[in-house]
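For reference, the chains in residue letters:
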Amino acid sequence: MDGGIGLPVTRRDAPGKVSGDAQYAADFPHAGCAYAALTTSSIARGRIVRIDTAQAERAAGVQMVLTHRSLNEGLGEETFAMKGGHMQSSFLPLTSDEVHYAGQIVSLVIADTQEQAEAASRLIAIDYDAQPASASMDDGDRVEKPLESKSIDVGNANAALAISPVTIDATYVTPAQHHNPIELYATSAEWREGRLLVHVPSQWVMGTRMGLATIFGIPAEDVHVECPYVGGGFGGKATILPHTVLIAMAARRLGRAVKLVVPREAMFTVGSFRPATRSRVRLAAERDGTITAVSHEQAGQSATIDHVSFAVTEVTARMYASPNIRVRESTVATDVNTPGFQRAPAEAPGFFGFECAVDELAVALGMDPVALRTKNEPARDPVGNLAWSSRKLTECFARGAELFGWSRRTPEPGSMVAEDGALIGYGCATACYPSASGPSAARIRYSADGVCIVSLSAHDLGTGAYTVMGQIAAEVLGVPNHLVRVQLGDSTLPSGIIAGGSVTTSSSGSAVHVTALAVRDALLRAAGGGELVDGFVVSPDGSRRPATEVLAECTSGFIEETGVWKPDSISDKQMQNGLAGGMAFSSALGKYATYSFGAQFAEVRVDPLLRTVRVHRMVGVFDCGRIINPRTARSNLAGGMIWGASFALLEETQIDRKRARFANTDLAGYHFSTNADIGEVVVEMLDGSDTLANPIGTKGVGEIGIVGMPAAIANAVYHATGVRVRKTPIQVEDLLV
Amino acid sequence: MQTLDVTLDVNGRTHSLQLDPRTTLLDALREHLGLTGTKVGCNHGTCGSCTVHVDGRRQLACLVLAASAAGRAVRTIEGLAAADGTPHPMQAAFVAHDALQCGYCTPGQIMSAVSCVEEGHARTDDEIREYMSGNLCRCAAYPNIVAAIADVARAA
Amino acid sequence: MQPFTYVRPDTLEQALHEAAEPGASVLAGGTTMVDLMRGDLAAPRRVVDIGHLPGLSEIDLSGPVLRFGALARMADAAEDAALKRDYPALAESLQLAASQQLRNAATLGGNLLQRTRCPYFRNGVSACNKRVPGSGCSALDGEDREMALFGISDACVANYPGDWGTALAAFDTAVEIRSAAASRTVPLANFHVAYGDDPARETVLEQGEIVTAITVRATPAGRGSTYAKVRDRQSYAYALVSAAVALEMDGDTVASARVSLGGVASKPWRSAEAEAVLTGATLTEAAGLRAGEAAFAGARPGRHNAFKVELGRRVVARAALTASRRA
Ligand SMILES: Cc1cc2nc3c(=O)[nH]c(=O)nc-3n(C[C@H](O)[C@H](O)[C@H](O)COP(=O)(O)OP(=O)(O)OC[C@H]3O[C@@H](n4cnc5c(N)ncnc54)[C@H](O)[C@@H]3O)c2cc1C
Ligand code: FES
Ligand code: FES
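Residues numbered from 1 in each chain as written. Chains lettered and ligands numbered in written order. Predicted model: local features only at pLDDT ≥ 70, side-chain atom pairs only at ≥ 80, totals over all residues. Heavy atoms only, no water.

## Section: the overall build of chain A
Alright, step 1. Counting its secondary structure elements, chain A contains 19 helices and 29 strands.
Alright, step 2. Here the C-alpha atoms of chain A give a radius of gyration of 27 Å, agreeing with the 27 Å that 2.2 N^0.38 yields for 737 residues.
Alright, step 3. Each principal axis of the C-alpha atoms in chain A carries an extent, and together these give about 85 × 75 × 50 Å.
Alright, step 4. For chain A, the proportion of its 737 residues judged to be buried stands at 68%.
Alright, step 5. By sequence separation, contacts in chain A at least 24 residues apart represent 81% of the contacts at least 6 residues apart.
Alright, step 6. For chain A, the exposed surface amounts to about 23200 Å²; the carbon and sulfur share of it is 49%.
Alright, step 7. The centroid of the 64 positive side-chain charges in chain A is displaced by 2 Å from the centroid of its 78 negative side-chain charges. (Helix = DSSP H or I, 4+ residues; strand = E, 2+ residues; numbered from the N terminus. Rg over C-alpha atoms; globule rule 2.2 N^0.38 Å. Buried < 20%, exposed > 50% of the residue type's maximum accessible area, 1.4 Å probe, protein only. Contact = heavy atoms within 4.5 Å. Areas by Shrake-Rupley, 256 points an atom, 1.4 Å probe, with all protein chains shown as cover. Lys, Arg positive; Asp, Glu negative; His and termini not counted. Charge placed at Lys NZ, Arg CZ, Asp CG, Glu CD.)

The following block contains the structure:
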């Protein structure tokens, strides 16, 4: 068998992607479509007192101009995804004259061509009554709001901190960041006889369908969301962005298809972003390195219009054995577009501070940072005393140290120098990501011609879902790889799960697994019993016949089953809601504590004179349960690690505090890694199925790769230079000392 | 408003178009010729996803007016495979090395990679990294992209 | 983009005639121009495409004066073997700029004429004296990490982003300019106008004028030259600070020095101060750092870019050391 679980099967979608045939949202043709262009607010808070669209309306080719004055449709109640809805924000632009953040959509021009729409959108004149605004959580007038429900106390951390011989108390900050997928946000909408067809890059076609149906007051079946490929999501395309609603509305009014491709600069404000954070971490230990107290207080940037919190401390609290644990969460509301999920939303920023503090503790103790972590490995979840479903962090560190050559490290900062004079720094950090799952359905048709079609509305964002879903079915049915077909990203298919929180393989993969079992059982019933072995039905008497022969005898020429899977902790009602397009997730903390783990290592090279930093190589060893496809999983993890390198050294959405707006809103100003920034990247995945997590034994892969990397790099920079930088990005000016 | 008669030579075929002079080569390909293999990631020259060959050299289609491209040989990702459909060795190498994830930057990467080898800028991994840095990949498939190009360069 | 008429003349004479029309702009490689038009930062009524004009793309390094046709492509110049050997600073400045795709399209003349990357200029909404004279300068109390420290004023602190122009400033460079009626040659030092003086005006080029060539007086210091560029990421980024240094050495002693700075000024910035320190000095890292210190003595840092003074000092030292090894 060449296409089953654990094999490095070639990406099923690769041929279409390298030939240019793969169609992304903005690639679908819509006959006679009109084009839209946005105008966004130049102020950050206030009201629109005058909006003059006359010139734009007179411009060549213009069909319609939408503003808050012209928008009067009665719309169904939808809301922010984190409040149980499907929208990126609870505020829908053009529904009032209020301006809540800079870059808010204030008008939409529709014209016959792209060029006409863009030109006309610049002819709209707007007067504002501007109010003072704050877009930074550091602004003096901002108040920190504690979230008491997120507090955790075990023992008495403050008391332990007061009496322990070695302590660390430091504050770390991370900036706002943007997803910046290479595919721009884009929406094409068309109404055909009361039914809405939408092409939009989406990590959640079922949620998008349900949300649009609610807004437009039509049955969910009458909304078709098609999106077979997503050009990078990273969380930014998980929810319905407001412009999608506006484009669908414009298309209905005009009776014509309308297409919008959002300009890169507007991507910073018409969607969501990773909010800034501030973490105070205090650690205490005995002189032998036994940790006696862990305290982590995180404040996260939120929005005035929507409360958003990414509570990382419930994860960091569980990293090390400590009798005393104290964590707190709070948020700071700012005048910005609603922040949202971005790759490891809580963990990536939160682990930066936390894992730098662990390194600082190792330095204070004069102890090896790997040894310190290993010494404090908890046998059970130190907060709730749950057993781990699996936790092989110590093995990850051991293997990672070996792969990396950690033993070559001399602890003194600046003590390692390369041949060309560059300062060498070695650093490491722990990575962890909760492993959740949710309900999903799948359909499998196995036909007499040997072809097996797996269909579900899950998503492949480059994560490998097209490949792994087929492998899970092939494993059960013994179908050769070239006869497996997979359909995803279409709301007319059986309900897959949102591509978020690293849940796709565990959830939709489990659904494919149980459905494949149902197909197998039906096949064996049709064959009159026996076993399915490598695509052959082996009857109790030992005789073998190809499964396709049995299928040919079925009247339809195929067997088709639709199956559903849900985690135990999800009720039937939650499952129904989830399958219809609602959000339904199990927690990582159920009967067991279920997390993916990783040990991450970085070597940096620092120019001794210029103090520029280069990531020379990275090593990551991960415990992510069973790996369905090592090839796609490795790419995903390596991509996450490179995100971590960008996080550490490059990424920051600069906030102009005076104007309360994002400043560097293009890809020349918002830096993430180029090819030249990345040296060697080594990824290894430990063997091991975690069947306490789900029937196929997987934990999440998509997000953990980024989690420990920023701290590993910051720790390596310290090791190279002796300079402890407690912020990201670490820039040349931070090291010019 | 001026309407221009523009004759574009794309992948060896001649197309006569009537265009608004503002139309970029990228929009002419995508919106007028339906050649959506060339992707749009910024429209400002900052990402590389719109990379095509103009008279045999890689360029960014978003910063070229369609009118300026008239009379030049334009090659896009759709024109890379052999006439019988056999993928170009670079396309095959990208598949073989898993040099893509979401695939959105991929046509631009491949067009750029083909030039990178033709220009003689693929002699070492570091040289490939530098000469491929005009193609951002947010999924960060960089290590595999380098491996795919090095492979093709070795064979060439 | 606002509507325009597109013309593509066949000869320089025709192009000069077209370019003289009110509201006309020339288009060479288009990598700045199309981008600016997209943001309505340039809105010409007539676009005169000169990118393909014959006879303006030659690079001639043979005589006492090097000649770079204005339409020569950055990539071609960057890879010119003789230029790399005899004037590495010039070749490197091009090689370290933009990306290969951009360098294939972009011209040497257009490169000199690129406009600032200041986000307040580019975003089309914030107050900016360059975009809307008299509206104010948002960078003064905004994000100014990337802004300039020389040639600025309270009216504008934007940075000239070009690498090629910066490297050329370390040599005796002149710009050859034609109009329908006349031709003139302007020393590079007088070609750009510091933004601080009149933000809306960046060069002395008049309506209807076309740059036909860039000339550089041949010098043995070319071989002893380098262009050092520090940026936030390893490639495809503008300079935070850059420096070109061209030296003639007499043993360990600097016989003559030329130094120019990029990423820190509103125009290609020659540093006579650094040159004075280097000339006659024995070249060590300490001497390089002293020259760097002199270069930045007159800097006027803002709120987030003061680090460029320290970084710049070191970049000058690094460039001087590299150049001295080549000289
Ligand atoms: C993403 C990105 C990154 C970049 N990075 C760098 C970098 O790191 N370093 C760097 O130096 N540059 C960089 N650039 C700038 C790039 O080098 C310039 O855009 C390019 O050199 C301009 O040349 P062009 O021929 O395309 O000019 P065009 O866009 O055609 O013209 C530019 C301007 O010059 C005028 N013009 C052009 N030629 C003439 C002429 N012969 N006579 C009179 N006027 C003329 C035009 O009217 C226009 O105003 C970058 C650009 C982009 C888009
Ligand atoms: S779309 Fe052309 S470079 Fe980004
Ligand atoms: S593969 Fe997704 S951007 Fe490159």
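## Notes on the interface of chain B and chain C
Alright, step 1. Between chain B and chain C, the residue contacts involve 34 residues of the former and 33 residues of the latter.
Alright, step 2. Regarding the contact of chain B and chain C, the summed buried area is about 2700 Å², with carbon and sulfur atoms giving 49% of it.
Alright, step 3. Considering only the surface of chain B that becomes buried against chain C, Arg22, Arg57 and Leu63 of chain B emerge as the three largest contributors, covering 23% of it.
Alright, step 4. If you look at where chain B meets chain C, you find 2 salt bridges.
Alright, step 5. Here Asp27 of chain B and Arg38 of chain C are joined by a salt bridge, their closest N and O atoms 3.7 Å apart.
Alright, step 6. Run the count over chain B and chain C and you get 20 residue pairs in polar contact (both at pLDDT 80 or more).
Alright, step 7. Mapped onto the side of chain B that touches chain C, the elements with two or more residues apiece are strand E4 (57-60), helix H2 (66-69) and helix H5 (125-131) of chain B. (Buried area = accessible area lost by both parts, 1.4 Å probe. Salt bridge = Lys/Arg side-chain N within 4 Å of Asp/Glu carboxyl O. Polar contact = N/O pair within 3.5 Å; in protein donor to acceptor, adjacent residues only side chain to side chain.)

## Thoughts on the interface of chain A and chain B
Alright, step 1. Taken together, the 53 residues of chain A in the interface contact 45 residues of chain B.
Alright, step 2. Regarding the contact of chain A and chain B, the summed buried area is about 4000 Å², with carbon and sulfur atoms giving 56% of it.
Alright, step 3. Broken down residue by residue, the surface that chain A buries against chain B is led by Val18, Ile182 and Asn675 of chain A, which jointly contribute 20%.
Alright, step 4. One can count 5 salt bridges joining chain A with chain B.

## So, the domain arrangement of chain A
Residues and elements named next belong to chain A.
Alright, step 1. Segmentation of chain A into domains returns domain 1 (14-21 + 438-580), domain 2 (25-133 + 188-270) and domain 3 (344-376 + 386-435 + 589-735).
Alright, step 2. With centres defined by C-alpha atoms, the gap from domain 1 to domain 2 works out at 36 Å.
Alright, step 3. Between domain 1 and domain 2, the residue contacts involve 19 residues of the former and 17 residues of the latter.
Alright, step 4. Both faces combined, the contact of domain 1 with domain 2 buries some 1400 Å², and carbon together with sulfur accounts for 56% of it.
Alright, step 5. Summed over the shared surface of domain 1 and domain 2, the number is 0 salt bridges. (Domains from an automatic or database assignment.)

## Quick notes on the site of ligand 1
Alright, step 1. Of all residues adjacent to ligand 1, which total 33 residues, the nearest are Val26, Thr31, Thr32, Met33 and Thr107 of chain C.
Alright, step 2. More than one chain lines the surroundings of ligand 1; the residues nearby belong to chains B and C.
Alright, step 3. Here an oxygen atom of ligand 1 sits 2.6 Å away from a polar atom, N or O, in the side chain of Thr107 of chain C.
Alright, step 4. Side-chain polar atom of Asn111 of chain C to an oxygen atom of ligand 1: 3.0 Å apart, as the coordinates give it.
Alright, step 5. Protein contact buries 95% of the 970 Å² of open area that ligand 1 shows by itself.
Alright, step 6. Contributions of two or more residues to the shell around ligand 1 are made by strand E2 (24-27), helix H7 (108-112) and strand E8 (210-217) of chain C.
Alright, step 7. Partitioning the shell around ligand 1 into residue classes produces 18 nonpolar, 12 polar and 3 charged. (Near = heavy atom within 4 Å. Nonpolar A, V, L, I, M, F, W, Y, C, P; charged D, E, K, R; others polar.)

## Some details on the sheet that holds strand E22 (residues 536-538) of chain A
Residue and element names in this part refer to chain A.
Alright, step 1. Spatially, E21-E22-E23 is the arrangement adopted by the 3 strands of the open sheet, whose pairing is antiparallel. The open sheet is flanked by strand E21 (531-533) and strand E23 (544-546), the only strands paired with a single partner. Strand-to-strand twist of the sheet, defined as the mean angle between neighbouring strand axes without regard to direction, takes the value 35°.
Alright, step 2. Pairing of E21 with E22 involves 3 bridges; the strand directions are antiparallel. Looking across to E22, one finds that Val533 is bridged to Phe536. (Pairing = 2+ DSSP bridges. Axes fitted to C-alpha atoms, helices over the stretch in contact; angles between N-to-C directions.)

## Considering helix H3 (residues 89-96) of chain B
Alright, step 1. The complete set of buried residues in H3 of chain B reads Met90, Gln91, Ala93, Phe94 and Val95 of chain B.
Alright, step 2. Turning to H3 of chain B, the residues buried within the fold contact helix H1 (14-19) and helix H16 (630-649) of chain A together with helix H4 (106-118) and helix H6 (142-155) of chain B.
Alright, step 3. Downstream of H3 of chain B by one or two residues, Asp98 of chain B has phi in the positive range, about 50°.

## Focus on the sheet that holds strand E17 (residues 423-434) of chain A
Pairing between the strands of a sheet comes from backbone hydrogen bonds, and it takes one of two forms, parallel or antiparallel.
Residue and element names in this part refer to chain A.
Alright, step 1. Judged by pairing direction, the sheet is mixed, and its 4 strands sit side by side in the order E17-E25-E26-E29 without closing on themselves. At either margin of the open sheet sits one strand with a lone partner, and together these are E17 and strand E29 (678-685). Averaged over all adjacent pairs, the angle separating strand axes in this sheet is 15°, with direction ignored.
Alright, step 2. As paired elements, strand E25 (residues 595-606) and strand E26 (residues 613-623) share 10 bridges and run antiparallel to each other. Bridged to Arg605 within E26 is Arg614.
Alright, step 3. Contacting E17, E25, E26 and E29, helix H11 (residues 393-404) runs over the sheet at an angle of about 25° to E25.

## Points about empty space enclosed by the protein
Alright, step 1. Enumeration over the complete set of coordinates arrives at 11 cavities of 30 Å³ or more.
Alright, step 2. In this model, the largest cavity occupies a volume close to 140 Å³.
Alright, step 3. Surrounding the largest cavity, 16 residues form its lining, Ser68 and Arg72 of chain B together with Ala28, Gly29 and Arg73 of chain C being those nearest its centre.
Alright, step 4. Class assignment for the residues of the lining of the largest cavity results in 6 nonpolar, 6 polar and 4 charged.
Alright, step 5. In this structure, the second largest cavity spans a volume of roughly 100 Å³.
Alright, step 6. Broken down by secondary-structure element, the contributors of at least two residues to the lining of the second largest cavity are strand E15 (291-303) and strand E16 (325-334) of chain A.
Alright, step 7. Among the residues making up the lining of the second largest cavity, the classes are represented as 7 nonpolar, 7 polar and 2 charged. (1 Å grid on protein atoms, 1.4 Å probe; cavity = no way out; pocket = protein on both sides within 12 Å on 5 of 7 lines; lining within 4 Å. Points joined across faces, edges and corners; volume = space filled by probe spheres on them.)

## Topic: the environment of Glu561 of chain A
All names here are of chain A.
Alright, step 1. Mapped onto the fold, Glu561 is located in strand E24 (residues 558-565).
Alright, step 2. A sequence separation of 46 residues divides Glu561 from Thr515, and the C-alpha atoms of the two residues are 6.3 Å apart.
Alright, step 3. Ignoring any residue separated from it by four or fewer positions in sequence, one finds Glu561 in contact with Ala442, Arg443, Ile444, Thr515, Ala518, Val519 and Ala522.

## Quick notes on the environment of Ala458 of chain A
Alright, step 1. Looking at where Ala458 of chain A falls in the secondary structure, it is placed in the loop between strand E19 (452-455) and helix H12 (465-477).
Alright, step 2. With 277 residues separating them in the primary sequence, Ala458 of chain A and Leu735 of chain A have C-alpha atoms 45 Å apart.

## Here we look at helix H1 (residues 25-32) of chain B
Alright, step 1. Of all the 8 residues making up H1 of chain B, 6 are buried; the element is thus mostly covered by neighbouring parts of the structure.
Alright, step 2. Listing the buried residues of H1 of chain B in full gives Leu25, Leu26, Asp27, Ala28, Leu29 and Arg30 of chain B.

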